[in-house]
Amino acid sequence: MSTALRDELRGEIDEMREAGLYKNERVITTRQGAVIRTNDGREVLNFCANNYLGLTSNPLIIDAARSALDEWGYGLSSVRFICGTQEIHKQAERTVARFLGMDDAILFSSCFDANLGVFQTLLTDEDAIIADQLNHASIIDGVRLSKASRHVYAHSDMDDLAAKLRDASGARRRLVVTDGVFSMDGEIARLPEICDLVSEHDALLMVDDSHATGVIGATGRGTPEHTGCEGRIDLITTTFGKALGGASGGCVVGDAVTVEYLRQRSRPYLFSNTVAPAVLGATIAALDQLSSSTGLLDRLRENTDLFRREMAAAGFDIVPGSHPIVPVMFGRFEDDARLAEEFASELLDEGIYVIGFSYPVVPKGTARIRVQVSAAHDRGMLERAVAAFVAVGRRKGVLAHSA
Ligand SMILES: *Cc1c(COP(=O)(O)O)cnc(C)c1O
C-alpha cells in the first residue's frame, strides 16, 4: 500500500472523528437479546437492535437452525444454479411467498443484495425509476446500477410523486420504489395513496419491507397488511436479518414470472453463494411461528404502546405512530446533536443501550435517540428504560415542566 494513499485515508478518518462522524463498534460478549453485556463488563438493557420479536436467541429458532445444520450441512460451496439448491431453499421460498401472499420468492444473501438485484435486471435505459428521497442505501445503490432514468420525489410527498410519474410518462416501464417503514422515524409509507397513483399511471410498485415483515400488520405481514394494500404491490423485498431471527438473508417476493426471470438474470443471485441452510431453517421456523400465533406480535404491540404512552406522559417529544421504532426528538433544544449524543451516553451509564442520531444521518435540527422496542422486553425493563430517560432528562433540563 502506498504511503500516500494511507496518509490520505488517515487524514479522512481524522476528519470523520473531528466531525463526530466516526463510528465506534461496541463489542458484545453475550448472545443478542434484551439483556446484553459489553466488553467493558457492563450489563445493559438493549433498546437498539432490530430484534423486534426477540427471536435472535429464542430456543425454537436456535433449535430449527441446529436441525437444519444437522440435516443439510453447514454450506454448499455453490451458487444456486450449479449445485446450491436444496429442498430447504425451495421450502424457504415457498414459505416466505405464502406468508406475504405472493406467487413465489427468490433468496439473496441479504436484502441489500436483493435490492441490488432488481433494478438492473428488470429495467433498461427505456425505463424509469421513481424513488422516495429517503429510501434505504441499498435501494439507492440498486437504482444506480440500473440504466433506467431516475426520478426522486420528496419524502412521502404524494403531489411530487404524481409530478414525477408524469415526468416519466414516456418511459416503457415505470417502477415506483419505497421503503415500507422508514427506519429513522418508524414512519410508514403512504401505501394506499401510492397504490392509487401507481394504478392511475399504469406503473409498478416495489416496497422494501425490511422493518415491517414480522413487525406490523395484524399478523405481521408488513405494510401491505397494515395499510390494507394486500394484492396491490408488485414486488416486495425484505430481510431475514431483522424480526425473522436476525441472522442474515433476504428475498424478492412477487409473481411467478418475474421471480423466474430474476433467477435467470439477477447478478447477485447468479454470482453469489447460496444462503446457508441453518439460516433458512430458522427463517422458516420464524415464519411458521408468526403464521400459527400472534402471541409475539401482541406482546410487541403492548410493549410499544406502553413505552410510547409513558414516554409521552413523561414529557418527551415522541414522533407519533405505532411502530416499535420510537424516536425521542431533541430538535426543540439548542445544540440538539450534542444533547442527543450526551443523553445516549448517560443512558448507557444508567444501563440502557440506545443510539443518538444527528445530522447528516438525519436532517439538521432533528437529532434524536432512536429506541427500538422488542417483544423480548418485559414490563420491568420498559419501566426501567422510561425511568432512566426521566432521570437523565431531568439532569439535562430536557423535562422542564417536571424539574
Ligand atoms: C436493514 C435494511 C436493509 C438491509 O437488509 P440486509 O438483509 O441486512 O442486507 C435493506 N433495506 C431496508 C429498508 C432495511 O431497513
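Just so you know, these numbers come straight off a predicted model, no measurement behind them.

### Considerations on the nonpolar core
- Core analysis: the largest hydrophobic core is formed by 61 residues, its most contacted members being L161, V176, I194, L205 and I233.
- If you tally residues by element for this core, the top one is helix α13 (residues 277-292), at 8 residues.

### Structural notes on the side chain of D132
- Positionally, D132 belongs in strand β4 (residues 128-132).
- Here D132 sits buried without a salt bridge, and the closest side chain of opposite charge, R190, lies 8.7 Å off (N-O distance).
- Within polar-contact distance, the side chain of D132 engages the backbone nitrogen of S156 at 2.8 Å.
- Setting aside residues up to four positions removed in sequence, D132 forms contacts with V152, Y153, A154, H155, S156, V177, T178 and F182.

### Quick word on the pairing of strand β10 (residues 235-239)
- Of all 5 residues that make up β10, 5 are buried, and the element is covered over most of its length.
- Two elements, strand β9 (residues 204-208) and β10, share 3 bridges in a ladder whose sense is parallel. Within the sheet, the bridge partner assigned to D208 lies in β10 and is T237.
- Where β10 and strand β11 (residues 250-254) come together, 4 bridges link them in antiparallel fashion. Bridged to T239 within β11 is G250.

Each value, and the rule that gives it
- Residues numbered from 1 in each chain as written.
- Predicted model: local features only at pLDDT ≥ 70, side-chain atom pairs only at ≥ 80, totals over all residues.
- Heavy atoms only, no water.
- Core = buried A, V, L, I, M, F, W, Y, C linked by side-chain atoms within 4.5 Å.
- Buried < 20%, exposed > 50% of the residue type's maximum accessible area, 1.4 Å probe, protein only.
- Helix = DSSP H or I, 4+ residues; strand = E, 2+ residues; numbered from the N terminus.
- Lys, Arg positive; Asp, Glu negative; His and termini not counted.
- Salt bridge = Lys/Arg side-chain N within 4 Å of Asp/Glu carboxyl O.
- Polar contact = N/O pair within 3.5 Å; in protein donor to acceptor, adjacent residues only side chain to side chain.
- Contact = heavy atoms within 4.5 Å.
- Pairing = 2+ DSSP bridges.

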